[in-house]
Amino acid sequence: LFALFTIFTTIPRATAQTELASLFSAEGTVERQGAGQTSWSTATVGAGFGERDAVRTGERSRAAVRFTEGYLARLGDRTTLTILALDQRQRALELNRGQGYFLSRRTTALPNVRTPQVSATVRGTEFAVEVTAERTVLTVLEGAVEASNP
């Protein structure tokens, strides 16, 4: 019995996914989808997000997600955002629908933002993105943006 216990306790366990962001605030219906999952569940303030996790807001709902790099993403109603990690220094976000407002006090902290129509690298501290089925509108409030079609 002791030998069996020793074998099971020495098998390495899977490491937890690195937390890249957390839900800072939520109003109305805010849900999360774990990486590789097909179902959505209610997200509560403080919930952590890792690579390939997604957050979405319902009708008349909004949320704010704080990222470990120090920037904040405010999401409008009916918005879906997926978190991607390009490498340890660079983050990418997929905004497939809805509105996002991004703010950082550091110009080097903002992510690349991908939408169905545009991929944008922002060089600034404040910008907004609105995605519909037909178009993407990027509004840079401070700084500059490099945009390209995917």
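Residues numbered from 1 in each chain as written. Predicted model: local features only at pLDDT ≥ 70, side-chain atom pairs only at ≥ 80, totals over all residues. Heavy atoms only, no water.

Peer 1: Would you mind going over the nonpolar core with me for this structure?
Peer 2: Note that soluble globular proteins tend to have their nonpolar side chains buried in a common cluster. Core analysis: the biggest nonpolar cluster contains 24 residues, and V65 and F67 have the highest contact counts within it. Broken down by secondary-structure element, the contributors of at least two residues to this core are β1 (21-27), β6 (62-67), β7 (72-75), β8 (80-85), β9 (91-103) and β11 (119-131). Per element, the largest residue contribution to this core is four residues, and it comes from β11. The contact partners of V65, leaving out residues within four places of it in the chain, are A21, S22, L23, F24, F49, V55, Y71, L72, A73 and L75. (Core = buried A, V, L, I, M, F, W, Y, C linked by side-chain atoms within 4.5 Å. Buried < 20%, exposed > 50% of the residue type's maximum accessible area, 1.4 Å probe, protein only. Helix = DSSP H or I, 4+ residues; strand = E, 2+ residues; numbered from the N terminus. Contact = heavy atoms within 4.5 Å.)

Peer 1: It is not clear to me how the packing of aromatic side chains should be interpreted in this structure. Could you clarify?
Peer 2: Note on aromatic pairs: each is described by the distance of the centres and the angle between the planes. A complete count under the given rule lists two aromatic pairs for this structure. Ring geometry for F102 against F127: centres 4.7 Å apart, planes inclined by 15 degrees, an arrangement best described as stacked. With F102 in strand β9 and F127 in strand β11, this pair connects stretches of sequence that are 25 residues apart. The exposure class of F102 is buried, given its relative accessible area of 0%. F127 sits in the buried class, given a relative accessible area of 0%. Over the face of the ring belonging to F24 we find R66, whose NZ or CZ atom lies 4.2 Å from the ring centre. (Phe/Tyr/Trp six-rings, centres within 6.5 Å; stacked < 30°, edge-to-face > 60°. Lys NZ or Arg CZ within 6 Å of the ring centre and 35° of its normal.)

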